[in-house]
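Structural overview for review
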Amino acid sequence: MHKMRFYNKSFHGVINKIERDEKYFPSLYFNDEIQYLGGYFDRLCQISVGDSIVKRSGEMNYSVYWKNSSGKWILKCQSQK
């Protein structure tokens, strides 16, 4: 994906499926859409099914949240791209 296209893109949702390509880059399934992170995937920011991801337009980084036992969303990590 072109850098400016990723920069201008926004997405968010609870991840219900993850598929990885031969380079281990993930495609995330959420909200009836698929988002391929490609080279913008931060290996230090571990993403799991059930996590929520937020990427805002005008930013290169994304945030990943997990839900604790009381149902509160907690920041798990932020990408550093």
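Remember, it's a predicted structure, so these values are computed and weren't measured experimentally.

Digging into the nonpolar core
Of all hydrophobic cores here, the largest spans 16 residues; its most connected members are F6, L28, L37, I47, I53, Y62 and V64. Beyond its immediate sequence surroundings of up to four residues, L37 is in contact with F6, F11, P26, L28, I47 and Y62.

Examining the pairing of strand 4 (residues 33-36)
Here four bridges tie strand 3 (residues 26-30) to strand 4, and the two strands are oriented antiparallel to one another. Across the sheet, S27 pairs through a bridge with Y36, a residue of strand 4. Linking two consecutive strands that pair antiparallel, namely strand 3 and strand 4, is a turn of two residues; a positive phi of about 50° is found at N31 within it.

Quick notes on the environment of Y40
Among the structural elements, Y40 can be located in the loop between strand 4 and strand 5 (52-55). On the accessibility criterion, Y40 (14% relative accessible area) is buried. Along the primary structure Y40 and N61 are separated by 21 residues, whereas in three dimensions their C-alpha atoms are 8.3 Å apart. Of the polar contacts made by the side chain of Y40, one reaches the backbone nitrogen of K3; its length is 3.1 Å.

Here is what the cut-offs are and how they apply
- Residues numbered from 1 in each chain as written.
- Predicted model: local features only at pLDDT ≥ 70, side-chain atom pairs only at ≥ 80, totals over all residues.
- Heavy atoms only, no water.
- Core = buried A, V, L, I, M, F, W, Y, C linked by side-chain atoms within 4.5 Å.
- Buried < 20%, exposed > 50% of the residue type's maximum accessible area, 1.4 Å probe, protein only.
- Contact = heavy atoms within 4.5 Å.
- Pairing = 2+ DSSP bridges.
- Helix = DSSP H or I, 4+ residues; strand = E, 2+ residues; numbered from the N terminus.
- Polar contact = N/O pair within 3.5 Å; in protein donor to acceptor, adjacent residues only side chain to side chain.

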